[in-house]
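These are the residues of each chain, in order.
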Amino acid sequence: MEFPGNPLATGRLGAVTTTYHGAASVAGLEALNRGGSSVDAALTAALAQISLGAGSVVSYFGILTMVHYDAASGEITTMNAGWNSVRAETEPLTIPGGIDMKTLEPTGPPSGRTALVGGFMRGVEAAHARYGKLPFHALFDPAIKFAEEGFALPSTTAAYFRMRGPDLKRLPETAATLLKADGTPYATGDWFRQPALAKTLKAVASSGADYMYVGPWAKRAVSAIQSDGGRMTLEDLAAYRVIWSPPRRADFGTYQLVALGEPNSGSINLIEGLNLARAAGIRELGHWSVNGEALRRLSDVSSMFYLSFIPPAVRAEIYPGLDLSDASRLRPDTAKALWERMQAGVRPFSYSPKSSHSDTVVAVDRWGNMTAITHSINCIMWGKTAIVVDGVADRGSRVYQQSVACPDQAG
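Since the model is a prediction, treat every value here as computed from it, not as a measurement.

Draft legend 1. Looking closely at the packing of helix α2 (residues 38-52) against helix α4 (residues 141-149). Taken N-terminus to C-terminus, the directions of α2 and α4 make an angle of 15°; their axes are 7 Å apart at the nearest point. As summarised for this structure, α2 and α4 are arranged roughly parallel, according to the angle between their axes. Remark: the crossing between α2 and α4 carries right-handed chirality. Residue-level contacts link T44, L47, A48, S51 and L52 of α2 to P142, A143, F146 and A147 of α4.

As structure tokens, this is what we get:
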């Protein structure tokens, strides 16, 4: 069943669609028109999304994942440029902060200890090196243009400035970058420029991602994080590497779902969620937009992604006797058993949390190659810490992920 009012997307010699900002889609289409691959188009759009969003819900020091289909070979590859922990942070459960489960706002004092090493820019560089056709620097042209020349602030982003005003005032560089000269937040329609960001993007475009991981930006970022109590070092940034892995696959009728491979848990959540939806009989109830019971069950199903944030021992306490290992969670029979427990009232969460911290891009090029990208900061806009270095936002994304950052996973 089609979603009511959802238009059909069409393209010629390729297509690009994004979850945020039409101008980012246009930037991706222009990359295709210039002879770029689907990866070139997706990366160009993603880079533009961050500039257009003022680094609020996505960041050049955030995270990026990619699924790519190569039409010539039929090969599907996945890339994970997720978070790396900080090696000196050996007691993650003592990191301050948390999440207010009613408002989903970060709680606790701002702390540089919540900083993680983001892989976004390393991911951009690695994906382009493998599948790009355009020069690397060309991917940055639209993002630099939006940062340097500015744009009229849309109402959604203006609301972010208004909501996060107190946190954006905390640090002088953040305030100088994201607030007006008088300290007030930008409003809808205001012309917003980011000269410091434009300078940083030009440096990365010409020097590569090393500028942010071993170069001048890395040094300034580590200094800012340590000044806020963090334990990140230059060695943490220099050690960052993206992960290429085979995709996870699952059959659904005549279709095969291909999703991100290890170590990403999102693909497990996705496959498990689809199996749960089937076990819950949601399709037979009709579309959730016109059937309240379907919406309720879908809410229950979608909330279970939090299983990935619960340690295995705790999962076993909640669902004794049910194997909820990663491999088992991919199986339909496990989903059926899990849904039966949920229907009996055993649900660790009874809501579907709102989410506004990710952007996605899907691109298809003239050769039939297809690329899907998701990038995020995994926390509320700019984070509680709201550190900005040379126009690039580095927030405390570990503010609610302490339990999944074990010492033996650091770095």
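Read on for the rest.
Draft legend 2. Up close: the pattern of salt bridges. Scanning the entire structure with this criterion turns up 17 salt bridges. D390 is paired through a salt bridge with R220; the nearest N and O atoms lie 2.6 Å apart. Of the two residues, D390 sits in the loop between β13 (387-389) and β14 (392-394) while R220 sits in helix α10 (residues 216-227), which places them 170 residues apart along the sequence. The salt bridge partner of R296 is E293, with a shortest N-O separation of 2.7 Å. Of the two residues, R296 and E293 both sit in helix α14 (residues 292-303), three residues apart, roughly one turn of that helix. What makes R296 partly exposed here is its relative accessible area of 34%. The class of E293 is partly exposed, set by a relative accessible area of 30%.

Draft legend 3. Seen up close, empty space enclosed by the protein. Overall, the coordinates contain three cavities of 30 Å³ or more when judged by the stated rule. By volume, the largest cavity is sized at about 40 Å³. Around the largest cavity, the lining residues are A27, E30, A31, R34, T44, L134, A138 and P142. With three residues, the top contributor of residues to the lining of the largest cavity is helix α1 (residues 22-33). Taken together, the residues of the lining of the largest cavity break down into five nonpolar, one polar and two charged.

Draft legend 4. Expanded view of the sheet that holds strand β3 (residues 76-81). Here we have six strands laid out as an open sheet, ordered β1-β11-β12-β2-β3-β8, and antiparallel in their pairing. A strand with exactly one partner marks an edge of an open sheet, and here the two such strands are β1 (14-18) and β8 (243-245). Adjacent strand axes in the sheet meet at a mean angle of 10° when their direction is disregarded. On the sheet, α1 packs against β1 and β11 (358-365) and is oriented at approximately 160° with respect to β1. Contacts from helix α3 (residues 120-131) reach β2 (63-69), β3, β8 and β12 (370-376) within the one sheet, and its direction differs from that of β3 by about 155°.

Draft legend 5. Representation of the nonpolar core in the model. Formed by 85 residues in total, the largest nonpolar core has its most connected members in Y60, M121, F140, M212 and W382. Among the elements that take part in this core, α2 stands out by supplying ten residues, more than any other. Apart from residues no more than four positions distant in its own chain, M121 is found in contact with L47, Y60, F140, L201, V204, A209, M212 and Y213. Grouped together as the second largest cluster of nonpolar side chains are 15 residues, I282, I310, L324 and A335 included.

Draft legend 6. Representation of the pairing of β11 within the structure. Going residue by residue along β11, you find D359, V361, A363 and D365 tucked away on one face and S358, T360, V362 and V364 left uncovered on the opposite face. Inspection of the sheet shows β1 paired to β11 by five bridges, in the antiparallel sense. Paired with G14 across the bridge in β11 is D365. Count of turn residues in the β11/β12 antiparallel hairpin: four residues, of which G368 carries a positive phi of about 90°.

How each quantity is defined
Residues numbered from 1 in each chain as written. Predicted model: local features only at pLDDT ≥ 70, side-chain atom pairs only at ≥ 80, totals over all residues. Heavy atoms only, no water. Axes fitted to C-alpha atoms, helices over the stretch in contact; angles between N-to-C directions. Helix = DSSP H or I, 4+ residues; strand = E, 2+ residues; numbered from the N terminus. Parallel < 35°, antiparallel > 145°, perpendicular 65-115°, else oblique. Left-handed = near helix turned anticlockwise from the far one by under 90°. Contact = heavy atoms within 4.5 Å. Salt bridge = Lys/Arg side-chain N within 4 Å of Asp/Glu carboxyl O. Buried < 20%, exposed > 50% of the residue type's maximum accessible area, 1.4 Å probe, protein only. 1 Å grid on protein atoms, 1.4 Å probe; cavity = no way out; pocket = protein on both sides within 12 Å on 5 of 7 lines; lining within 4 Å. Points joined across faces, edges and corners; volume = space filled by probe spheres on them. Nonpolar A, V, L, I, M, F, W, Y, C, P; charged D, E, K, R; others polar. Pairing = 2+ DSSP bridges. Core = buried A, V, L, I, M, F, W, Y, C linked by side-chain atoms within 4.5 Å.

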